[in-house]
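Chain residues, written in single-letter form:
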Amino acid sequence: DPASGAANNTSGLANPVHLFSAPGTYNVRFSNITTPGCLSDTLTKQITVTNIPTAEFTFSSPLCEGRPVTITDASSASLPGILAKWYWDFGDGNPPVTSLNGNAHSITYTPWGPRTVTLMVETNSGCQSTVTSHSTTIHAVPVAKFTHLQACLPYQAASFTNTSTVADATAMSYLWNFGEPVSGAANSSTATNPSHLYSGTGPFNVTLTATNAGGCA
């Protein structure tokens, strides 16, 4: 490592420590001189020095209780370093996981609530990153429910009462489908408690989708 300076590039110690000036592959030579002054053969070993890698990852969306969440590695290492190990803690109550590849992981969280996921990565030369930690919230899945009153044609609209619930008490949005495509744009509604005037007798298949602020439906 000539770039480290003449004084630093050599050592007379039996077990020296050297701070390399840059990442790369180096030929380290070692020889021994006995008390009478006899010089041994020179042993040469090639070592690879890398920069400290960076651990990073992302989550899929939405983050819903009881549904798979994809956690994707986004870590990096500068050449000649190559990522070789991934140390995960998915914050799901299970023991930490050591992976030998950067494949994505599918984790199902239950119950809903806050979670913290951590990752540390290691290169082929043994250099380890600092631990990257991301906190997120797993959202409860809403339960869509409603009741309705019977309507008499041709003048009385059917009224619907929304009784949907969500365990984490987050705000919800709604999408209704009244099961009457011939009514055009009037066949759907985003109101909480809508009404719909049917053009004929049924039966009609009415659906309600409740979605919370986290995107879980």
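Look a little higher up for the structure.
In this numbering scheme, every chain counts its residues from 1 along its sequence in written order. This being a predicted model, a pLDDT of at least 70 is required before a residue's local features are given, and a value of 80 or more before pairs of side-chain atoms are given or counted; all residues contribute to the totals for chains, interfaces and linings. For the side-chain quantities, the full set of heavy atoms in the structure was used; hydrogens and water were omitted.

**Student:** Can you tell me about the overall build of the protein, naming the residues and giving the values?
**Tutor:** Strands here mean DSSP runs of E at least two residues long; helices mean DSSP runs of H or I at least four residues long; both are numbered from the N terminus. On a plain count of helices and strands, the protein comes out with zero helices and 15 strands. Atoms counted for the radius of gyration: C-alpha only. Globule rule: 2.2 Å times residue count to the power 0.38. What you see for the protein is a C-alpha radius of gyration of 32 Å, clearly larger than the 17 Å of a compact globule of 217 residues, by over 25%. With respect to the three principal axes, the spread of C-alpha positions in the protein is 115 × 30 × 25 Å. Within the protein, the proportion of its 217 residues that are buried is 28%. Residue contacts are counted whenever heavy atoms from the two residues lie within 4.5 Å of one another. Of the contacts made within the protein by residues no fewer than 6 positions apart, 53% connect residues no fewer than 24 positions apart. Surface accessibility in these figures is a Shrake-Rupley result with a 1.4 Å probe; residues are shielded only by whichever protein chains are displayed. When the accessible surface of the protein is summed, it comes to about 13200 Å², and 55% of that surface belongs to carbon and sulfur atoms. Each charge class in the protein can be summarised by its mean position, and for the 6 positive and 10 negative side chains these summaries are 5 Å apart. Three labels apply to residues, based on accessible area from a 1.4 Å probe with only protein chains included: buried if under 20% of the type maximum, exposed if over 50%, partly exposed otherwise in between. Counted as positive: Lys and Arg. Counted as negative: Asp and Glu, with His and the chain ends omitted from the count. For this purpose, a charge sits on NZ of Lys, CZ of Arg, CG of Asp or CD of Glu.

**Student:** Tell me what's going on with the sheet that holds strand S15 (residues 207-212), and back it up with residues and numbers.
**Tutor:** Taken in spatial order, the three strands of this open sheet run S13-S12-S15, and their pairing is antiparallel. In this open sheet, the two strands that pair with only one neighbour each are strand S13 (188-189) and S15. The pairing criterion for strands is at least two bridges between them, as found by DSSP. Direction of pairing for strand S12 (residues 172-177) relative to S13: antiparallel, over a ladder of two bridges. In the sheet register, Trp-176 faces S13, and the bridge partner there is Ser-189.

**Student:** Outline unusual backbone geometry, listing residues and values.
**Tutor:** Cis peptide bonds are those with omega within 30 degrees of zero, and the linkage from Leu-79 to Pro-80 qualifies with 10 degrees. Of note in this structure, Ala-169 is not a glycine but carries a positive phi near 60 degrees. By the element assignment, Ala-169 lies in the loop between strand S11 (158-162) and S12.

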